[in-house]
Amino acid sequence: MTMIGLRYDLRVPSFCSVTHAELYAACLEQCAWADRLGLDFVVLSEHHGVDDGYLPAPLTLAAAIAGRTKSIRINVAAVLVPLHDPVRLAEQLAVLDLASGSRVGLIAGLGYRREEFVMAGVDRAERGRLLEEYVAVMRRAWTGEPFTWRGRTIRVTPKPASPPMILIGGSTEKAARRAARLGGGFFPAIGDPHLAQVYQAECRRLGFDGGFVHLPSGPGFVHVSDDPERDWGRIAPHALYDAQTYASWQTPGQRSSMHVEAKSADELRRSGVYRVVTPTECVALARETGQVLLHPLMGGLSPALAWEGLERFAAKVLPRLRGA
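Figured I'd write up the structure that's included with this text. (Residues numbered from 1 in each chain as written. Predicted model: local features only at pLDDT ≥ 70, side-chain atom pairs only at ≥ 80, totals over all residues. Heavy atoms only, no water.)

**What about the side chain of arginine 103?**
And then number 1: By the secondary structure assignment, arginine 103 is in the loop between helix H3 (86-100) and strand E4 (104-109).
And then number 2: Summary of buried charges: arginine 103 has no salt-bridge partner, and the nearest side chain of opposite charge, aspartate 35, is 4.9 Å away.
And then number 3: Here the side chain of arginine 103 touches lysine 70 through a polar contact of 3.4 Å, landing on its backbone oxygen.
And then number 4: Beyond its immediate stretch of four places on either side in the chain, arginine 103 contacts Ala66, Thr69, Lys70, Ser71, Ile72, Arg73 and Ile74. (Helix = DSSP H or I, 4+ residues; strand = E, 2+ residues; numbered from the N terminus. Buried < 20%, exposed > 50% of the residue type's maximum accessible area, 1.4 Å probe, protein only. Lys, Arg positive; Asp, Glu negative; His and termini not counted. Salt bridge = Lys/Arg side-chain N within 4 Å of Asp/Glu carboxyl O. Polar contact = N/O pair within 3.5 Å; in protein donor to acceptor, adjacent residues only side chain to side chain. Contact = heavy atoms within 4.5 Å.)

See below:
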């Protein structure tokens, strides 16, 4: 079964004429469209203090999407847990669970951009310890019962109908072992089978039999076109901006399936991470990888161009994937 999803970070580079208000409106319309078509999930990302306005409040947007949809899953990948107060985070997620019909899940991420830790007043060196502490706090909070944390009595009400699913993110062996230790699923940022093996071995060592791992697969951006050469030319500046800014953020040891060191649009296209494909190529790609991730507003793409790709996907790809 092919999983089909939309991803949003809602950035507006300086060379774009689109506004953030237009992108947010288009995002909500596209999520409602995806819900009507029965697509599987929406993914929202989080970063702070970026010049292009990268989405800083994904839980707020998740609530807006939940209000416009009925069944599509909403995943925040990732919540940068050490940058948040875990009690407030638990409350927001509990309300989201109740308001969405338990459709919101999250990947708990460490964060890595130094600027974000400075902005939040958090010691970056403590991020691993804080993530483990905060995940435990949220899980206790979702019982609805009082507990003591840092000398304070904490009680989160109302409790969620179902505790939100927390997967643990990361791209290192240390992250894999942390996920097992926390008794959660593991969602690495890169499709490295070795990380899955490390996680599974640690689960066995700890006697944790509820673990699972999801390795990312396929490109991070797909646009369906009847003329890929033409549309790559329209999309390339946005894709190159997205790739180069993301690459500039990476720190030693940080790995991601989206990380491409490309100096030109041609280099980026050859990487295969950003794909402009015909409907037939999209069907083949979906069947090969088991997933299609549409990032329709990537890098400040205009809503009009984004809708061209989405509508072509719905008309010429989706029926073939569903056997119609």
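The structure having been displayed, the exposition proceeds.
**Looking at helix H8 (residues 228-249)**
And then number 1: The end-to-end C-alpha distance of H8 is 29 Å, a good match for the 32 Å that 22 residues give at a rise of 1.5 Å each.
And then number 2: The largest bend in H8 comes to about 50°, at isoleucine 235, with the proline proline 237 one to four residues further on. (Expected span 1.5 Å × (residues − 1). Bend = angle between axes of the 7 residues up to and from the residue.)

**What to know about helix H7 (residues 193-206)**
And then number 1: Helix length check: H7 (14 residues) gives 20 Å between terminal C-alpha atoms against 20 Å at 1.5 Å per residue, within 8%.
And then number 2: In this structure, the buried residues of H7 make contact with helix H6 (173-181) and strand E8 (185-188).
And then number 3: For H7, the side-chain oxygen to backbone nitrogen distance between the N-cap and histidine 194 is 2.9 Å, and the N-cap itself is aspartate 192.
And then number 4: Positive backbone phi, approximately 75°, marks glycine 207, located one or two places after H7.

**Description of empty space enclosed by the protein**
And then number 1: Under the defined criterion, the tally for this structure stands at one cavity of 30 Å³ or more.
And then number 2: Within this model, the largest cavity holds a volume of roughly 70 Å³.
And then number 3: Contributing to the lining of the largest cavity are Phe221, Val222, His223, Val224, Leu294, Pro296, Leu301, Ala306, Gly309 and Leu310.
And then number 4: Looking at the lining of the largest cavity element by element, the count peaks at four residues for strand E9 (residues 221-224).
And then number 5: Its residues assigned to classes, the lining of the largest cavity comprises eight nonpolar, two polar and no charged. (1 Å grid on protein atoms, 1.4 Å probe; cavity = no way out; pocket = protein on both sides within 12 Å on 5 of 7 lines; lining within 4 Å. Points joined across faces, edges and corners; volume = space filled by probe spheres on them. Nonpolar A, V, L, I, M, F, W, Y, C, P; charged D, E, K, R; others polar.)

**Describing the sheet that holds E8**
And then number 1: Pairing within the open sheet is parallel, and its seven strands lie in the order E8-E7-E4-E3-E2-E1-E11. Looking at strand neighbours, the two that pair on one side only are E8 and strand E11 (291-294), the edges of this open sheet. Between one strand axis and the next, the sheet turns by 25° as a mean value, whatever way the strands run.
And then number 2: H6 contacts strand E7 (166-170) and E8 of the sheet and is inclined by roughly 160° relative to E8. (Pairing = 2+ DSSP bridges. Axes fitted to C-alpha atoms, helices over the stretch in contact; angles between N-to-C directions.)

Taken by themselves, the reported measurements are silent on function.
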